[in-house]
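So the chains spell out like this:
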Amino acid sequence: MTDADKSTDNTTLLASLGRLAPQLKPIFAPLIWGLLSALAASVVALLIPQVYRVLVNSALQPGNGTKGLWTGAAVVLGLGILEAGLIALRRQFVIVPATTVETRMRTSFYRHLQSLAVEFHDRWGSGQLLSRAMSDLNFMRRWMAFGAIMLVVTALTVVIGVALMLSMSWELGLIFVAAAVPIVVFGYRFRRSYGLVSRRSQDQAGDLATAVEESVHGIRVLKAFGRGREALDSFAGQAQELQATEIHKAKSLAVFSLVVTLLPELALGAGLVVGILLVSQARLDVGALVAFFATAAVVAGPVESMGPLMAMTLAAKTAVDRHFEVMDAPNTITDPAEPVRLGPVRGDLEFRGVHFHYPDTPAGTPELLNGIDLVLRAGETMALVGVTGSGKSTLLNLVPRLFDATAGAVLLDGTDIRRLALADLRRHVSVAFEDTTLFSNSVRGNVLLGAAEHPGLSPDEILEQALEVAQAGFAYALPNGVDTLIGEEGLSLSGGQRQRIALARAIAARPAVLVLDDPLSALDVNTEERVSDGLRAALVGTTTLIVAHRPSTVAMADRVALLQDGHITAVGTHSELLAGNDHYRYVLASLSEEPKDLDSDLDTDTENELADELGAAPRGTGPLDVVHRGATA
Ligand SMILES: Nc1ncnc2c1ncn2[C@@H]1O[C@H](COP(=O)(O)OP(=O)(O)OP(=O)(O)O)[C@@H](O)[C@H]1O
């Protein structure tokens, strides 16, 4: 469990459940009707013993015939049917509204997750969010539709029942009231202890969901490294912890249920002795005694259901607390109050005195970025180079505001990007990450994900062009062409194919600024070359900032920026930096030229061409073969 998930149980039951009030407001009327139906069902159940009383005192008296008996039986049957009908009516009233509230809350939970900054998602385990989105909302719905209503009905039934019992015989009634005192005391203690264990159980279930999600996601790594056994052991350990908590929970509920069942039974036994004594002393008639015990039997049901109802209420309280821990999490990346609207965007991009450190960085750690000054002219392609871990990806993440600079500013066409509406900014800036994420959707759906409407180009044409530039024409050869389902639940693609689809997605958006985080790393040198050529042609007019891990990626750039010790220490053409910067030479020498995408076949001619290309001077720069030799030396 991450720090974000750990929470102390410091809210009261009422304060927590009270937070559902705004959600319940729109379904208040059906809830009240449901409550009235349930209440009416309880009143009907309490009426049945009164019929027994009349039956015993009149119809069963010698010489009164059987007519009264049949009438009494018919009334009892009618009341029974009415009770069942009212219970069904309660369900009818609340089911649709409660599920509607659940759906609405789940949707706004998802919307909030979408809007929360990356920094939030870095801190939270996916299983914790999954369990909040699924099971916690389920708990809440069940409580709204059943628990809350039954809690009120149960309490009222007990109060009315005990009042009736007291009216029939105050002596017998008092025995039951006396039995209620320890139940209340015990119930109070149960509420505290069960609340804590319920919280632990729901958190552990979330952790378990995270473990399943991670291992399913990383199944290839687990298998390849033969770590399935360790993963299983760790999972089994977590599952056992949850089991121990569930047993603790069940035992705690069992003890409470035992108390709420046993005490009324003891009161019943004591009441029977006292009742018979009262009848023998003619201080109580037999009909009243029978009615008293029939009422006690009716009241016993709700009293016994107190345990499960309390448990359900406490689980709902925990669910509400867990739900609002996420819903209350502030969104740190928001739209400005009065967004600036840019006209046609040229694509001038500037980092001005940018500082950054991740929120969870320990105090005293030097800033990751400590004063970045860099200007990209509109339409320019700039490669960003630096040793691993120097903060290249971090710097890129600032452009679409996945994180905000802790000081300084990033400017688009001279305007601080924090003054633009997020939707506008992200329309102007498009990103392709090294670690590609494809969604369970068709190739078409994935590529056109962020594609804006373009005058004169149909979606199919945008798709075709993007696939061509990204050298992702293989998509047409998939079983259903570009409509083939890919992503998690679809066809598996190679790393290089995935990267090319992700690159096509960034290109299809036709942004003013393109941010590419080593998007060609999984491609073989040949494919990379063709993609680079396509990109060069397609990116005319697009400002591009590209993290380069390979000399061939550097070759695409007009200029190169060197990131070192948190700031840009040099900017220039590849040849300028190569000639005059030791650190640049050191970084380039450590870069790899190894082809990774082995799913592309290289014929001999292509290999020869490739060798020539590597030896040839890149666009406006010095010879890459120097770099290549440096890299392999
Ligand atoms: N979300 C995050 N939260 C906290 N620290 C992070 C986060 N992402 C990256 N870091 C840290 O910031 C530092 C820079 O990471 P970054 O990914 O920006 O480097 P990079 O230059 O792109 O590295 P590489 O060349 O290996 O991709 C690393 O030390 C990394 O551990």
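Residues numbered from 1 in each chain as written. Predicted model: local features only at pLDDT ≥ 70, side-chain atom pairs only at ≥ 80, totals over all residues.

If you look the protein chain up in an unreviewed UniProt entry, it shows as ABC transporter from Arthrobacter livingstonensis.

Draft legend 1. Molecular detail of the overall build of the protein chain. Across its full length, the protein chain carries 21 helices and twelve strands. Counting across all 633 residues of the protein chain, residues that qualify as buried make up 36%. A separation threshold of at least 6 residues defines the contact pool for the protein chain, and within that pool the share at least 24 residues apart is 81%. (Helix = DSSP H or I, 4+ residues; strand = E, 2+ residues; numbered from the N terminus. Buried ≥ 20, exposed ≤ 12 C-beta atoms within 10 Å, placed from the backbone. Contact = placed C-beta atoms within 7 Å.)

Draft legend 2. Just the sheet that holds strand 3 (residues 381-385), in detail. On the basis of which strands lie adjacent, the open sheet formed by six strands has the order 6-9-10-3-11-12 and mixed pairing. Sheet topology places strand 6 (429-432) and strand 12 (567-572) at the edges, where each strand pairs with a single neighbour. Each neighbouring strand pair of the sheet contributes to a mean axis angle of 20°, computed without reference to strand direction. Direction of pairing for strand 11 (residues 559-564) relative to strand 12: antiparallel, over a ladder of five bridges. Paired with Leu563 across the two strands is Ile568, which belongs to strand 12. (Pairing = 2+ DSSP bridges. Axes fitted to C-alpha atoms, helices over the stretch in contact; angles between N-to-C directions.)

Draft legend 3. A look at the sheet that holds strand 1 (residues 349-356). Judged by pairing direction, the sheet is antiparallel, and its four strands sit side by side in the order 2-1-4-5 without closing on themselves. Across the chains shown, the open sheet's two edge strands, defined by having one partner strand only, are strand 2 (369-376) and strand 5 (415-416). Sheet topology note: the strand 1/strand 2 ladder contains six bridges and is antiparallel. Counted as the bridge partner of Phe356 is Leu369 from strand 2.

Draft legend 4. Summary view of the pairing of strand 11. Sheet analysis places strand 3 next to strand 11, joined by four bridges and oriented parallel. Following the sheet pairing, Met382 is matched in strand 11 by Arg559. Hairpin connection, strand 11 to strand 12: the antiparallel pair is bridged by two residues, and Asp565 has positive phi, about 50°.

Draft legend 5. Region of the structure containing the site of the ligand. In the vicinity of the ligand, the contacting residues are Asp122, Tyr358, Asp360, Leu368, Gly386, Thr388, Gly389, Ser390, Gly391, Lys392, Ser393 and Thr394. By residue number, the principal contributor to the shell around the ligand is helix 11 (residues 392-397), which donates three residues. Here the shell around the ligand is built from residues that sort into two nonpolar, seven polar and three charged. (Near = placed C-beta within 6 Å. Nonpolar A, V, L, I, M, F, W, Y, C, P; charged D, E, K, R; others polar.)

Draft legend 6. The nonpolar core, seen in detail. Counting residues in hydrophobic clusters, the biggest one holds 76 residues, and the most contacted among them are Leu384, Val385, Ala466 and Ala504. The element best represented in this core is helix 15 (residues 495-508), accounting for seven residues. (Core = buried A, V, L, I, M, F, W, Y, C linked by C-beta atoms within 7 Å.)

Draft legend 7. Fine view of the packing of helix 7 (residues 170-217) against helix 9 (residues 228-280). Direction vectors running N to C along helix 7 and helix 9 enclose 170°, while the axes themselves pass 9 Å from each other. Comparing the axis directions of helix 7 and helix 9 gives the class roughly antiparallel. Partitioned by chemical class, the residues of the contact of helix 7 with helix 9 number 28 nonpolar, eleven polar and six charged. (Parallel < 35°, antiparallel > 145°, perpendicular 65-115°, else oblique.)

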